[in-house]
Amino acid sequence: MAEVNSSAKIVRFGVFEANLQTGELRKNGVKVPLQGQPFQVCAILLEHSGKLVSREELRRQVWPEDTFVDFDHALNTAITKIRIALGDEADNPRFVETLPRRGYRFIAPVDKPIVETHTAGPDGAAIVAAPEQGQSSFWRPGLAIAFSSALVIAALVWAPWRHPSRRTEVIERKLTTNSLENSVNSAVVSPDGKFLAYADNTGLYLKQIRTGETHPVPLPPNFSADVADWFPDGSHLLVCRREQPGKSLSTDKLSLWSVSVFGGSPRHLANDAAGGSVSPDGAHIAFQRSDYGREEWVMRSDGTDPVKVASDKSSWVGGPTWSPDGNRIAYIRAAETYNARVSAVEVNEWRNAGAQTFFSDNRLGPALFWLSDGRLIYTFGDENNRHGASLWTVSIQPSGKPGESPKRITRGIGWISQVTGSDDGKVVTFLRENSVSSVYIGTLAPDGIHLLANRRLTLDENENNPFAWTPDSKAVLFNSDRNGTSEIFKQVTDQPLAESLTTSAEKLLQPRVTSDGSEILYISTPKTASLETQSSLFAIPIGGGTPRLVLKDVGIWNVQCARLPLTFCLYSVGKGDAMETFRFDVRNGKSSVPPQVDPVCNWSLSPDGSQRAMVCPSLKGNIRFRSTLTGKTRDVPVTGRNELGSVDWAPDGRSLLIAGRTPEGESALLRVTLEGRASVLLHSSNSEILAAIPSPDGRSLAIAESMVYNNVWQIENF
């Protein structure tokens, strides 16, 4: 008999079994999809179970020097895929533990690897030879055949008693496969769970979930809508109409309508309204209203008798969901600053506007859904990945307190929004968002009003946000979460890789250059920061080095410095719906001069330090200029614009670079004169232009651009 595959090494841990020879992972005998480099990494961790395996060792074994790949990104992706395959969690690991900046360790008990010797039988089939003398085993060659039949019968009889009700696994599958250019922006499942209504950039559609058959829902010309909910009759949709396709969802441009899936004229229900949810009996609609969701309202389903049930100017509220009996609504209430937030689930007895906090957690996302069995589905953000989230359920007791322990029901990568469910609560759909923020380098024409070229600088799929250039205009300073936590990096514009300048267990954000160009300022905030947590301002030498503490304050979110001969800098903190801006010196700390108080706005300090330029929704398309010396303000309207985002001064102080939108709704980078005349430097319909930082020599721009796409997923058996 010829010996084959004589070294099939099998490692068992819990319900899993890894065959290190064939590269297969199985769970309870069922193959789990884990292949290639992720399996290789898993195998190395298993072979060194209980011991630290350094990142450098993993690089040497899996990604040798002649492999051209972003190692940090590749390893982080491999670890994420291993955790998904094992059902593990980074913040509460059962299998793979992360040792920050050092490596990983497999922490679950592992059975001693079994080496099986396979031989070929008379018919050519491979059979497993008996264990060698001295190996612990129940089996003996002479007993194997005698006991086999009896054991099979016993196993068949014993199994139902040993495992009376094996739990069915959660089924999670993708319902839409839209591309980046045509992202799904909203989706709801029908009351009977058989249809999906969804909207994308091309229109509103109805999809039969079982067959995949899809048909457009007829809408009038120039009627762009997001789908919010189904009415109980299963033939009408509650939709939120946008003033223009592609525009952001400021509620003063939104209205609620009823639309028949069979066609016909939409019926208007309410203006200044978004996030609609129809009560189980179809008699009422709950919705958001006013200034990006500051208020919750309830009206009759025909649009009459609107009643405000919740309002708070210092926080915002998410889309509402109805209790099964229709007597309460639930929603997320949150308040946040640049680097901290506090959020809670609020339950409201809407007829008497009696609200109480169900539970609080800063990881809560904006989406909720109340199932017919009384459980509440909510989203939790991933502490180690700002773009990650999962769905959880918790029961609500009659007392209004949480019941049994919360249960996680989804895994996967991507942010989660707009959760909906069928009437029987057996089918739940949600939007999963994937995004990447990258740094691009734009080359300006000599006139400064045309962009000659635009190329991507950061080539990884992580959060990369630029804030400054080195004084010689050769390198960009940015923060990135490529190593799991936001850190400060420098990348020369003609080089493919970035250099890490400083790391920390905290989140490091917003690198800015001091007035004399000798140091880099940045914000440091604990990962679990609340609205009361102090942030720190640190300074490091321009080439990197030991951090130096400058000052501390609660909720620091913007810091900028004037240029020489001036040496002062400014930073802001949030105070509810206002912000306070303080002057400070990088050597002596905060000044005793009282702060300037303004609405919460993005702002930029002019190169000569004489004034700040501010843009924010409350200014309605105006730029506000405020003197840093006298505090006087003047508002300048930007011609034809009412959506302005970030703002930065040109190096000569004669114009501004503002992220906004074109009249057609496209994301755009605008050059705006101090008199408010705007011209478009760059526009995009497939991505969001977030900001542009000019180089000190005025020849280049570091442009932050985010690409986002959504698709619909469904879960069952949860």
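First, a word on what this report is: a plain description of the structure on this page. (Residues numbered from 1 in each chain as written. Predicted model: local features only at pLDDT ≥ 70, side-chain atom pairs only at ≥ 80, totals over all residues. Heavy atoms only, no water.)

What follows concerns the overall build of the protein. For the protein, the count of helices and strands is four helices and 57 strands. Buried positions account for 50% of the 718 residues belonging to the protein. Surface exposure of the protein reaches about 33800 Å², of which carbon and sulfur atoms provide 51%. (Helix = DSSP H or I, 4+ residues; strand = E, 2+ residues; numbered from the N terminus. Buried < 20%, exposed > 50% of the residue type's maximum accessible area, 1.4 Å probe, protein only. Areas by Shrake-Rupley, 256 points an atom, 1.4 Å probe, with all protein chains shown as cover.)

Below, the discussion takes up the sheet that holds strand S12 (residues 195–200). In space, the four strands of this open sheet follow the order S11-S12-S13-S14, with antiparallel pairing throughout. With partners counted over all chains shown, the strands left at the sheet margins are strand S11 (186–189) and strand S14 (214–216), one partner each. Strand-to-strand twist in this sheet, taken as the mean axis angle between neighbours without regard to direction, amounts to 20 degrees. Inspection of the sheet shows S11 paired to S12 by four bridges, in the antiparallel sense. Counted as the bridge partner of Val188 is Ala197 from S12. (Pairing = 2+ DSSP bridges. Axes fitted to C-alpha atoms, helices over the stretch in contact; angles between N-to-C directions.)

Right, let's talk about helix H3 (residues 71–86) for a bit. In this model, H3 (16 residues) spans 22 Å end to end at C-alpha, consistent with the 22 Å of a helix rising 1.5 Å per residue. Along H3, the residues that are buried comprise Phe71, Ala74, Leu75, Asn76, Ala78, Ile79, Ile82, Arg83, Ala85 and Leu86. Once H3 finishes, Gly87 follows within two positions and takes phi at roughly 70 degrees, a positive value. (Expected span 1.5 Å × (residues − 1).)

Okay, the packing of aromatic side chains next. Evaluation of the coordinates by the stated rule reveals 17 aromatic pairs. Aromatic pair Phe478 and Phe489: ring centres 5.9 Å apart, planes at 20 degrees, arrangement stacked. Here Phe478, found in strand S36 (residues 475–480), pairs with Phe489, found in strand S37 (residues 487–492); they are 11 residues apart in sequence, far enough to count as distant. For the residue pair Phe478 and Phe489, the accessibility class agrees, reading buried in each case. We note Arg482 situated over the ring of Phe489; from NZ or CZ to the ring centre the distance is 4.9 Å. Arg612 extends its terminal NZ or CZ atom over the ring of Trp603, reaching a point 5.3 Å from the ring centre. (Phe/Tyr/Trp six-rings, centres within 6.5 Å; stacked < 30°, edge-to-face > 60°. Lys NZ or Arg CZ within 6 Å of the ring centre and 35° of its normal.)

Of all six residues in S37, five are buried; the element is thus mostly enclosed. Pairing between S36 and S37: six bridges, direction antiparallel. Residue pairing across strands places Leu477 opposite Lys490, the latter belonging to S37. Hairpin connection between S36 and S37: a loop of six residues separates the two successive antiparallel strands, and Gly484 in this loop has a positive phi of roughly 105 degrees. Of the strand pairs in this sheet, S37 and strand S38 (residues 499–502) are connected by three bridges, and their pairing is antiparallel. Of the residues in S38, the one forming a bridge with Phe489 is Ser500. The antiparallel hairpin formed by S37 and S38 contains six residues in its connecting segment.

The subject of this paragraph is helix H1 (residues 36–47). Given a rise of 1.5 Å per residue, 12 residues ought to cover 16 Å, and the 17 Å separating the end C-alpha atoms of H1 matches this to within 8%. Residues Pro38, Phe39, Val41, Cys42, Ala43, Ile44, Leu45 and Leu46 constitute the buried set of H1.

All right, on to the environment of Ser224 then. By secondary structure assignment, the location of Ser224 is in strand S15 (residues 224–230). Given the relative accessible area of 13%, Ser224 is considered buried. Through-space distance from the C-alpha of Ser224 to that of Thr202 is 8.9 Å; in sequence the pair is 22 residues apart.

Another aspect to go through is the state of the cysteines. For the structure on display, the rule yields two disulfides. In this model, Cys601 is linked to Cys616 through a disulfide, with the two sulfur atoms separated by 2.1 Å. Placement of the pair is Cys601 in the loop between strand S47 (596–599) and strand S48 (602–605) and Cys616 in the loop between strand S49 (611–615) and strand S50 (622–627), with a sequence separation of 15 residues. By relative accessible area, Cys601 is classed as buried at 3%. (Disulfide = S-S within 2.5 Å.)

Attention now goes to the side chain of Ser480. Examined against the element boundaries, Ser480 turns out to sit in strand S36. For Ser480, a relative accessible area of 1% gives the class buried. Among the polar contacts made by the side chain of Ser480, one reaches the side chain of Asn464 at a distance of 2.7 Å. Every residue in contact with Ser480, bar those within four places of it in the chain, is listed here: Asp460, Asn462, Glu463, Asn464, Thr485, Ser486, Glu487 and Phe489. (Polar contact = N/O pair within 3.5 Å; in protein donor to acceptor, adjacent residues only side chain to side chain. Contact = heavy atoms within 4.5 Å.)

Topologically, Arg289 is positioned in strand S20 (residues 284–289). Each C-alpha atom of the pair Arg289 and Gly276 lies 9.9 Å from the other, and the pair is 13 residues apart in sequence.

In this section: unusual backbone geometry. Omega for the bond connecting Leu564 with Pro565 falls within 30 degrees of zero, at 15 degrees, which places this linkage in the cis form. Tracing the sequence through the fold places Pro565 in the loop between strand S43 (556–561) and strand S44 (568–575). Positive phi, close to 65 degrees, is recorded for Ser473, a residue that is not glycine. Counting through the fold element by element, Ser473 comes out in the loop between strand S35 (464–469) and S36.

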